[in-house]
Amino acid sequence: MVPIIKADRTNGYSPTPPSGLYLALCRVPITLARYLMHPQFDPKQPDTPLTGAFWKKRHDLLAAVLDTAGVLVVVLDRQGRIVFFNRASKQTTGYTTREIKGCAIGDILLLSEEVGSTLQIFERLLAGESPITHETFWLTKQGTPRLIAWTSTALHDGAGEVEYLVGTGMDITERQQAERDLRESETRFRTLAEQSPDIIYIVEHPSKRPLYLNRDSLLGYSVSELEQPQEALLAVHPEEREELRAHWQRVVDSGTDIFEFRLRDKEGQWEWVQSRKRVLTRGSNGKPTQILGHLTLITARKDAEAQLRHNALYDSLTELPNRTLFLDRLTQALEPARREPPIPFAVLCLDLDRFKVINDSLGHALGDHLLVTVARRLELCLPPGDTLARLGGDEFVLLVEGVERLSEITHLAERIRQTVAEPFALRDHTVYPNASIGITLSTTNYDRAGDVLRDAEIAMYRAKSLGRGHYAVFDQAMHAYALTLLRMEVDLRQAIEQEQFCLYYQPIVSLVTGQIVAVEALLRWNHPQRGLVSPAEFITLAEETGLIVPIGEWVLREACKQGKIWGAKGLSLLCLSVNLSGCQLKQANIVEMVERVLRETGWPPTQLKLELTESVIMENAESSIKTLQALNDLGIGISIDDFGMGYSSLSYLQRFPIDTLKIDRSFIRDVTLNSGDAAITTAIIALARSLKLSVLPEGVETEEQLRFIQAQRCDEMQGFLFSRPVPPEQIANLLREGRSLFNGNGRRH
Ligand code: C2E
Ligand code: MG
Ligand code: MG
């Protein structure tokens, strides 16, 4: 007969349960069953009449026992109606006995999709299969499904017919969820491990037998190969073999360790591997039994680290060591120098002359090319084992160790100078680079690398000041000079703030009338301690520090204002000459600056001449032409100062919008004594005339010089013979007098 597990609720709970039910219920636990059973009860004769009171008592006792059981106990009649429902069942489902009693199980407790499978279990029980274990979802009163693991049994009446079905169940919802979570997480981690490019494994300790492996091999080696030191060690870099053994020992001793080593792959290529190990389990004696290993290929990271280290210590353009590495090597060189006997060394600091001009005019790419070529040439000069570095820009430095005599190092400096000076063919230009070299020796007893470098640089600047392609050996006087310069720079900045500058003016006289036709404004520094300081002492420094730009603007403004003051006093002055530095000429806004000053002071541009030295305009000839043309377009005259000292290209000279050549006073000085200087002066005057330029000899001090110049028929002159540079009031006096500063026969008034 098929049970109706979903049906009407008419059948009630029997007050006198038949004996079969008790038999079945008492099967678990057996001892309890024995106690519960009446001594008169004979299971072979279940129909033995016993009193109702006895059964009632037994029933209550049994119900109480079943209610205290932690498991769910449910009794159904063979129609599937609930006959008994213990407390655990009520707690799990939320139903009371009243609500549940007599209900068909399928109506109230089963999920609809579970009805079919539950029916099958009923049929199997009815067919005699017992007990049956199965998992079935029950629906609580709140509608939440709970998964119950059941053991179901059929109870038979005296005739052997199935009378009741008894189920004991455990709510395994949480456990099952936990198991599912565990399974999922295991799957996740397994997938992660399997996806990992690393080898992740667990080995037994000390046998090193693999227990788990996420992949078979790394660089062609199996884990067994890698973890059997004697075999793997052959493939490990000799420098790391010993440490790799120690790595295992450290894991065993301290529970964890990380080690990086090189491993040769099967093709013979070295690769970096990181090994991370951790003790996973320990035996009862505390000794590791399983070790978790992680092998990662880290060659790319190692390469990147090496590249970063390299970048931090090497110059990317020339691949030479940089300042940091050089100072490091120098510090090391200073260490043995303190030992007895000291190992002497020398440091040579080298700077290319006029590199900036090459860079600016030919472009940075060719400038870089030149630097690389110089680096390669210097390497050829370098004794083996010594250090060549690039400090930056066009500055290179050499550390030469074991130098006994100064002559050795000066020979080296000479060789370097010659090697560097060989012509470079840069595109369609040929460049003849020169290097200035500063040398310092460890005999100065240095303590710090920075001091050595500083002195080599000081000597290099001295070499530069000697002209192109020189070398100089550092001495204490240079150091003192460098300190003076440093102090002067501080003072110079203060001088600007505290307006310690003033202008003197030197008359420029007409060769014809001897009268003042113009004045040249010459800067003086009214130093609070040193008194009037000559520009020769500070102009170069002002140029190097860039301070010349604000100073130069001040000079122009001051001179123009002074010109106006003289004019206001009715003193006529044809022209003002103002010196302009190379740094000023390179300023992008130089033309606007001059224009602005003229506008603000009201000085006419046609009565202004700007003096630039020959070397300044030739240094950057093409851009100079443009700037000078713009200034010239404003009506300003241009003079070339100290002409004859530089290396003017005559073809350029023609293209510059120049008005005047000022012949350098070094030619004038010996013009009456030295026929060579006389010849040069004559030639310059002839050149100026052919280029239709006026010519102005500077530094005329003697009547003989004046006569020579007069014979050459120059236009104007300047020199102590007529007047030294003087303060503006004295110029006013001279202008007021309006007299000739020499008599027509060349005699001074
Ligand atoms: P410079 O422009 O060639 O000026 C002429 C220099 O020759 C002046 O020196 C002047 O005093 C000196 N001098 C003139 N006649 C004679 C003479 O007969 N005999 C001798 N022995 N010297 C004579 P100073 O004033 O010392 O100026 C030196 C240089 O400093 C100037 O040479 C110029 O290049 C620079 N300088 C002066 N003022 C300025 C300025 O405002 N701006 C710039 N950038 N440079 C300036
Ligand atoms: Mg001048
Ligand atoms: Mg001059």
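So, how was this worked out
Residues numbered from 1 in each chain as written. Chains lettered and ligands numbered in written order. Predicted model: local features only at pLDDT ≥ 70, side-chain atom pairs only at ≥ 80, totals over all residues. Heavy atoms only, no water. Helix = DSSP H or I, 4+ residues; strand = E, 2+ residues; numbered from the N terminus. Buried < 20%, exposed > 50% of the residue type's maximum accessible area, 1.4 Å probe, protein only. Contact = heavy atoms within 4.5 Å. Near = heavy atom within 4 Å. Polar contact = N/O pair within 3.5 Å; in protein donor to acceptor, adjacent residues only side chain to side chain. Areas by Shrake-Rupley, 256 points an atom, 1.4 Å probe, with all protein chains shown as cover. Pairing = 2+ DSSP bridges. Axes fitted to C-alpha atoms, helices over the stretch in contact; angles between N-to-C directions. Donors = N, O, S within 2.8 Å, 3.2 Å for Na, K, Ca; no water. Salt bridge = Lys/Arg side-chain N within 4 Å of Asp/Glu carboxyl O. pLDDT = per-residue confidence, 0-100. Core = buried A, V, L, I, M, F, W, Y, C linked by side-chain atoms within 4.5 Å. Parallel < 35°, antiparallel > 145°, perpendicular 65-115°, else oblique. Left-handed = near helix turned anticlockwise from the far one by under 90°. Nonpolar A, V, L, I, M, F, W, Y, C, P; charged D, E, K, R; others polar.

What follows concerns the overall build of the protein chain. For the protein chain, the count of helices and strands is 29 helices and 28 strands. Out of the 749 residues belonging to the protein chain, those deemed buried represent 47%. Pairs at least 24 residues apart make up 60% of the contacts formed inside the protein chain by residues separated by at least 6 positions.

Taken together, 22 residues lie around ligand 1, and Asn579, Asp641, Arg665, Glu701 and Phe720 are the ones closest in. Between an oxygen atom of ligand 1 and a side-chain N or O atom of Arg524, the distance comes to 2.9 Å. Note that an oxygen atom of ligand 1 is positioned 3.1 Å from one of the side-chain N or O atoms of Glu698. When ligand 1 is considered free in solution it has 790 Å² of accessible area, and contact with the protein chains removes 85% of it.

The 5 strands lie next to each other as S14-S15-S13-S18-S19, forming an open sheet whose pairing is mixed. Strand pairing shows two members of the sheet lacking a second neighbour, strand S14 (387–392) and strand S19 (471–473), which therefore form its edges. Each strand axis lies, on average, 20 degrees off the axis of its neighbour in the sheet, ignoring direction. Here 7 bridges tie strand S13 (residues 345–352) to strand S15 (residues 395–401), and the two strands are oriented antiparallel to one another. Each residue of the ladder has a partner; that of Cys349, found in S15, is Val397.

A few words on the coordination of the magnesium ion (ligand 2). Coordination of the magnesium ion (ligand 2) by the protein comes from Glu520 (OE), Asn579 (OD1), Glu611 (OE) and Asp641 (OD), over a distance range of 2.0 to 2.2 Å. All donors of the magnesium ion (ligand 2) come from a single chain, and their spacing in sequence reads E-x58-N-x31-E-x29-D. The distance between the magnesium ion (ligand 2) and the magnesium ion (ligand 3) is 4.1 Å, with Asp641 acting as a donor to both metals. With Glu520 in strand S21 (residues 516–527) and Glu611 in strand S24 (residues 608–613), this residue pair connects regions lying 91 residues apart in the sequence. Owing to a relative accessible area of 3%, Glu520 belongs among the buried residues under this scheme.

Applying the stated criterion across every chain, the model contains 38 salt bridges. With a closest N to O distance of 3.0 Å, Asp455 and Arg454 form a salt bridge. Between Lys662 and Glu611 there is a salt bridge, and its shortest N-O distance comes to 2.5 Å. On the criterion of sequence distance, the pair formed by Lys662 in strand S26 (residues 660–663) and Glu611 in strand S24 is long-range, its members being 51 residues apart. Here the two residues Lys662 and Glu611 agree in accessibility, since each one is buried. Three or more residues joined by partner-sharing salt bridges are found here, namely Glu260, Arg301, Lys302 and Glu305.

Asp641 (OD), Asp642 (OD), Glu698 (OE) and Glu698 (OE) make up the full set of protein donors to the magnesium ion (ligand 3), lying at 2.1 to 2.4 Å. Given the relative accessible area of 12%, Glu698 is considered buried.

Moving on, we come to the confidence of the model for the protein chain. Detailed conclusions should not be drawn from predicted coordinates in areas where pLDDT is low. When the pLDDT values of the protein chain are averaged, the result is 85; 89% of them are 70 or greater. Here residues 7–43 is modelled with pLDDT under 50, and outside its nearest four sequence neighbours on either side it reaches 59 contacts, counting other chains as well. Low confidence marks residues 744–749, where pLDDT is under 50. Its contacts with residues over four positions away, or in another chain, come to 18 contacts.

We now examine the nonpolar core. It is characteristic of soluble globular proteins that their nonpolar side chains tend to be buried jointly. Counting residues in hydrophobic clusters, the biggest one holds 81 residues, and the most contacted among them are Val594, Leu608 and Leu610. The element that contributes the greatest number of residues to this core is helix H20 (residues 548–568), accounting for 7 residues. Not counting the four nearest positions on each side in its chain, Leu608 is found in contact with Leu556, Cys575, Leu576, Val578, Val594, Leu598, Trp603, Ile636 and Gly637. Counting 33 residues, the second-largest nonpolar core is a separate cluster that includes Ile358, Val403, Ile416 and Val420.

The subject of this paragraph is the sheet that holds strand S11 (residues 270–282). One open sheet holds the 5 strands; their spatial order is S7-S6-S12-S11-S10, and the pairing between them is antiparallel. Looking along the sheet, the strands with just one partner apiece sit at the ends: strand S7 (210–213) and strand S10 (256–264). Looking at each pair of strands side by side, their axes are set apart by 25 degrees on average, direction ignored. Pairing analysis gives 6 bridges linking strand S6 (residues 199–204) to strand S12 (residues 288–297), with the strands arranged antiparallel. Bridging from a neighbouring strand, Tyr201 pairs with Gly293 of S12. Each of S6, S10, S11 and S12 is contacted by helix H11 (residues 238–254), which is oriented at about 155 degrees to S10, the strand it contacts most.

Below, the discussion takes up the side chain of Asp394. In this fold, Asp394 is placed in the loop between S14 and S15. With residues up to four places along the chain from it excluded, the contact list for Asp394 reads Leu350, Asp351, Leu352, Phe355 and Leu371.

Our focus in this paragraph is the packing of H20 against helix H22 (residues 590–601). At their nearest, the axes of H20 and H22 sit 9 Å apart, and the two run at 30 degrees to each other. As the angle between them shows, H20 and H22 are arranged roughly parallel. In terms of crossing hand, the pair formed by H20 and H22 is right-handed. Facing Glu553, Leu556, Arg557, Cys560, Lys561 and Lys564 of H20, the residues of H22 in contact are Met593, Val594, Arg596, Val597, Leu598, Glu600 and Thr601. Within the contact of H20 with H22, the residues separate by chemical class into 6 nonpolar, 1 polar and 6 charged.

Turning next to the environment of Ser196. The residue Ser196 is located in the loop between helix H8 (173–195) and S6 in this model. When the C-alpha atoms of Ser196 and Asn214 are compared, they prove to be 8.1 Å apart, with 18 residues separating the residues in sequence. Ignoring any residue separated from it by four or fewer positions in sequence, one finds Ser196 in contact with Asn214 and Arg215.

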